[in-house]
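What the coordinates show
The primary structure of each chain is shown beneath.
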Amino acid sequence: MSIHTPDIKRVTTHIIQEMKTRGEKISCLTAYDYSMAGIVDAAGVELILVGDSASNVMAGHETTLPITIDQMIYHATSVVRAVKRALVVVDLPFGSYQGNSREALNSAIRIMKESGAHAVKLEGGLEIKDSITRILSAGVPVMGHLGLTPQSIYKFGTYTVRAKQEAEAQKLIEDARMLEEVGCFSVVLEKIPSSLTKQVSETVTIPTIGIGAGPHADGQILVLHDLLGINKEFKPRFLRRYADLNGVMTDAISNYIKDVKGKSFPNEQESY
């Protein structure tokens, strides 16, 4: 059953900001296809991220790096067709914005025009400021992403908690302030200490969205396939599983195979 506020026909960046102002937590999930996006939207989340995590959960890659902008547009278009209420944000994939603000703008415009999405997300701070500023100058809403940035996995060499040391924590705070100053409407904080999330959330006026960042963010996001228990191998400390769809689906398929082999499917009522 949906628990969203019925009088909101479409969630916007303005509504996301108002939620932070009044202290209402923001619920966010990923989605990558029409069927799942429709279910997520109808359930009442405020924000759906078409994440480059599609590279992992949909295509089976080890990292998010291989996914292309054409593939992101395909997933985003499928999601947008299903969504009637949530704000849809799309990740700019690796290589489509780093180091070249003109390419970043072209990537963002392609996603917005071809998919119909409402905003884009970029990983990084000061080092991609020019790209963010250029995208914003074209009227495209931007969500930032700090802390553990999966597109930089080969730079970090690990998926462990980021910003535990004072120097990195201070840079993250400065980057968050910069994202706010240039005009980002929100920022994802991934896998950082809870105390740092609290400090950032109290420092900036834009909403913070946490993943593995403790309870003090203004909202929370999880990968849908992890939350539903479809992906059983991924078991980080921050993940709470709300279902075991892997088990449910395996049982259903096993029962189908049994019925086919036992000649009980289809029966007379299921035949023409």
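Residues numbered from 1 in each chain as written. Predicted model: local features only at pLDDT ≥ 70, side-chain atom pairs only at ≥ 80, totals over all residues. Heavy atoms only, no water.

On to the overall build of the protein. Each helix and strand counted, the protein has eleven helices and eight strands in total. Per-residue burial over the protein gives 49% buried out of 272 residues. Counting contacts in the protein only where the partners sit at least 6 residues apart, residues at least 24 apart contribute 59% of the total. Entry remark: accessible area of the protein is about 14100 Å², with carbon and sulfur atoms responsible for 54%. Once the 29 positive and 31 negative side-chain charges of the protein are each reduced to a mean point, those two points are 1 Å apart. (Helix = DSSP H or I, 4+ residues; strand = E, 2+ residues; numbered from the N terminus. Buried < 20%, exposed > 50% of the residue type's maximum accessible area, 1.4 Å probe, protein only. Contact = heavy atoms within 4.5 Å. Areas by Shrake-Rupley, 256 points an atom, 1.4 Å probe, with all protein chains shown as cover. Lys, Arg positive; Asp, Glu negative; His and termini not counted. Charge placed at Lys NZ, Arg CZ, Asp CG, Glu CD.)

The eight strands lie next to each other as S1-S2-S3-S4-S5-S6-S7-S8, forming a closed barrel whose pairing is parallel. Direction aside, the axes of adjacent strands within the sheet are offset by 25 degrees on average. Two elements, strand S6 (residues 186–190) and strand S7 (residues 208–211), share four bridges in a ladder whose sense is parallel. The residue bridging Val188 from the neighbouring strand is Ile209, located in S7. (Pairing = 2+ DSSP bridges. Axes fitted to C-alpha atoms, helices over the stretch in contact; angles between N-to-C directions.)

Glancing now at the pattern of salt bridges. Inspection of the entire model under this criterion finds nine salt bridges. Here Lys171 ties to Asp175 by a salt bridge, and the two come within 2.6 Å at their closest N and O atoms. You can see Lys171 and its partner Asp175 sitting in helix H8 (residues 166–182), four residues apart, about one turn around the helix. Glu202 is the partner of Lys198 in a salt bridge, and the nearest nitrogen-oxygen pair spans 2.7 Å. Note that Lys198 and Glu202 are positioned in helix H9 (residues 194–203) at a spacing of four residues, about one turn of the helix. Here the salt bridges do not stand alone but share partners, grouping Asp70, Arg110 and Glu114 into one network. (Salt bridge = Lys/Arg side-chain N within 4 Å of Asp/Glu carboxyl O.)

UniProt tags Glu190 as "active site" (unreviewed entry). Assignment of secondary structure puts Glu190 in strand S6. Residue Glu190 is classed as buried on the basis of its relative accessible area of 13%. Residues in contact with Glu190, not counting those within four places in the same chain, are His145, Leu146, Gly147, Leu148, Pro150 and Ile211. (UniProt positions renumbered as here; feature names shortened; annotations may be inferred.)

Before going further, it helps to spend a moment on the nonpolar core. Counting 60 residues, the largest nonpolar core has Val120, Leu122 and Ile135 as its most contacted members. With seven residues, the top contributor of residues to this core is helix H4 (residues 69–82). The residues contacting Val120, other than those within four sequence positions of it, are Val89, Val90, Leu92, Ala108, Ile111, Met112, Ile135, Val140, Pro141, Val142 and Met143. In this structure, Met19, Leu47, Met143 and Ile221 belong to the second largest nonpolar core, which totals 17 residues. (Core = buried A, V, L, I, M, F, W, Y, C linked by side-chain atoms within 4.5 Å.)

What follows covers the UniProt feature "binding site: 3-methyl-2-oxobutanoate" (unreviewed entry) in the protein. In this structure's numbering, the residues bearing the UniProt feature "binding site: 3-methyl-2-oxobutanoate" (unreviewed entry) are Asp52, Ser53, Asp91 and Lys121. A maximum C-alpha distance of 12.6 Å places the annotated residues, which cover 70 residues in sequence, within one compact spot. Considered against the second largest pocket, the annotated residues that line it turn out to be Asp52, Ser53, Asp91 and Lys121. Tracing the backbone shows Asp52 in the loop between strand S2 (47–50) and helix H3 (54–57). (1 Å grid on protein atoms, 1.4 Å probe; cavity = no way out; pocket = protein on both sides within 12 Å on 5 of 7 lines; lining within 4 Å.)

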